[in-house]
Amino acid sequence: HYTLEMMTEFTKESLAYALNLSKSRYLNYLNPSDFNDIEKRVGLLLKNEYFTSLLAKSEFLTEQAILYNDELKIIDLLLKHNDQYIVFDYKTTAQEHDEHISQVAYYKKAVKEIFNTKEVAGFIIYLKSDEVFFKNI
């Protein structure tokens, strides 16, 4: 997630910059093949037409911190598209887990209350090595 968090925009150039920052921070912990895998997974997301179409029409905040019910939570990506908010949570796990669904549902509830809106969608983005999969919550 660190590489995605370091991206200031969703472009190849921003990905290259974020990867270099990630390498400088995690080179002692990750192998070169790990960085190649990260680049491939995020590259697939950058090529995803659905994702890029949402970005093109929205205001976005990466790593949005929210305080809700006295808990600090970090939303990976929060988009504002017209009057709707869209919550995204990135996952790189091979399997889907119920706690992923619970986490995004909680984020949706928090955004609804904080921004006083009923228009909130939520997605888990599974960044797999060969595909990007969106799960609507």
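See the structure above.
Each residue is numbered by its place in its chain's sequence as written, counting from 1. Per-residue local features of the predicted model are confined to residues with pLDDT of at least 70, and side-chain atom pairs are confined, for both listing and counting, to 80 or more; whole-chain, interface and lining totals are unaffected and use all residues. Where side-chain values are given, they derive from all heavy atoms of the structure, hydrogens and water being excluded.

1. Structural notes on the nonpolar core
Point 1. Here the nonpolar core consists of buried residues drawn from Ala, Val, Leu, Ile, Met, Phe, Trp, Tyr and Cys, with membership extended through side-chain atoms lying within 4.5 Å. Exposed residues in this analysis have more than 50% of their type's maximum accessible area, buried residues have under 20%, and partly exposed residues fall in between, with area computed by a 1.4 Å probe over protein chains only. Ranked by size, the top nonpolar core spans 21 residues in total, and within it Leu45, Phe51, Leu77, Phe88, Ile125 and Phe134 carry the most contacts.
Point 2. Numbering of helices and strands runs from the N terminus, with a helix taken as a DSSP run of H or I at least four residues long and a strand as a DSSP run of E at least two residues long. Of all elements in the fold, only helix H2 (12–26), helix H3 (32–47), helix H4 (49–56), strand S2 (71–81), strand S3 (84–91), strand S4 (120–127) and strand S5 (132–136) reach the threshold of two or more residues within this core.
Point 3. Whether two residues touch is decided by their heavy atoms; if any such pair falls within 4.5 Å, the residues are in contact. Here phenylalanine 134 is in contact with Leu45, Asn48, Tyr50, Phe51, Phe88, Phe123, Ile124 and Ile125, once residues within four sequence places are set aside.
Point 4. Membership of the second largest hydrophobic core comes to 14 residues, among which are Tyr68, Val87, Val111 and Ile137.

2. Comments concerning the packing of H2 against H3
Point 1. Following both chains from N to C, one finds H2 and H3 inclined at 155°, their axes separated by 11 Å at the closest point. By the angle between their directions, the pair H2 and H3 is classed as roughly antiparallel. Like other packed secondary-structure pairs, H2 and H3 cross with a definite hand, here right-handed. Residues Lys12, Leu15, Leu19, Ser22, Lys23 and Tyr26 of H2 form the contact with H3, whose participating residues are Phe35, Ile38, Glu39, Val42, Gly43 and Leu46.
Point 2. Across the contact of H2 with H3, the residue classes break down as seven nonpolar, two polar and three charged. The axes used here are C-alpha line fits, helices contributing only the stretch in contact, and every angle between their N-to-C directions lies in the interval 0 to 180 degrees. When describing relative orientation, an angle under 35 degrees is termed roughly parallel and one over 145 degrees roughly antiparallel, while 65 to 115 degrees is termed roughly perpendicular and anything else oblique. The crossing is said to be left-handed when, going from far helix to near helix, the turn is anticlockwise and less than a right angle, and right-handed when the turn is clockwise. We call Asp, Glu, Lys and Arg charged. Ala, Val, Leu, Ile, Met, Phe, Trp, Tyr, Cys and Pro are nonpolar, and the rest, Gly among them, are polar.

3. A short note on H2
Point 1. The length a helix should cover is 1.5 Å for every residue beyond the first. For H2, with 15 residues, the first-to-last C-alpha span of 20 Å sits near the 21 Å given by 1.5 Å per residue.
Point 2. Within H2 the residues assigned to the buried category are Ser14, Leu15, Ala18, Leu19 and Ser22. Here the buried residues of H2 occupy an arc of 135° about the axis, which is enough to place them on one side. Exposed and oriented more than 90 degrees from the buried face of H2 are Glu13, Asn20 and Ser24. Taking the helix axis as origin, the arc is that swept by the directions to the C-beta atoms.

4. Notes on H4
Note: α-helices contain 3.6 residues per turn, so residues at a spacing of three or four share the same orientation.
Point 1. Of the positions making up H4, those classed as buried are Phe51, Leu54 and Leu55. The buried residues of H4 occupy one face: seen down the axis, they fall within an arc of 100°. Turned more than 90 degrees away from the buried face of H4 sit Glu49 and Ala56, all of them exposed.
Point 2. N or O atoms within 3.5 Å of each other form a polar contact, as long as, within protein, one can give a hydrogen and the other can take it, and as long as residues adjacent in sequence are counted only when both atoms are side-chain atoms. Sitting at the head of H4, asparagine 48 places a side-chain oxygen 3.1 Å from the backbone nitrogen of tyrosine 50.

5. Examining the pairing of S2
Point 1. When DSSP finds two or more bridges between a pair of strands, those strands are recorded as paired. The pairing of S2 with S3 spans five bridges and is antiparallel. Looking at S3, one finds that lysine 80 is bridged to tyrosine 85.
Point 2. From the end of S2 to the start of S3, which pair antiparallel, there are two residues, and asparagine 82 there has a positive phi angle of about 55°.

6. Brief notes about the environment of glutamate 71
Point 1. Note that glutamate 71 resides in strand S2.
Point 2. Separated by 24 residues in the primary sequence, glutamate 71 and glutamine 95 have C-alpha atoms spaced 27 Å apart.
Point 3. With residues near it in sequence (within four places) discarded, glutamate 71 still touches Ile66 and Tyr106.
Point 4. Side chain to side chain, glutamate 71 and lysine 73 meet in a polar contact 3.4 Å long.

7. Considerations on the pattern of salt bridges
Point 1. Just to be clear on terms, a salt bridge is a Lys or Arg side-chain nitrogen sitting within 4 Å of an Asp or Glu carboxyl oxygen. By the definition in use, this model includes four salt bridges.
Point 2. The shortest N-O distance in the salt bridge between arginine 41 and aspartate 37 comes to 2.8 Å. Remark: aspartate 37 and arginine 41 occur in helix H3; sequence separation between them is four residues, near one turn of the helix.
Point 3. On the basis of relative accessibility, which here comes to 15%, the residue arginine 41 falls in the buried class.
Point 4. Taking relative accessible area as the criterion, aspartate 37 reaches 27% and is therefore assigned partly exposed.

All we've got here are geometric facts, nothing functional implied.
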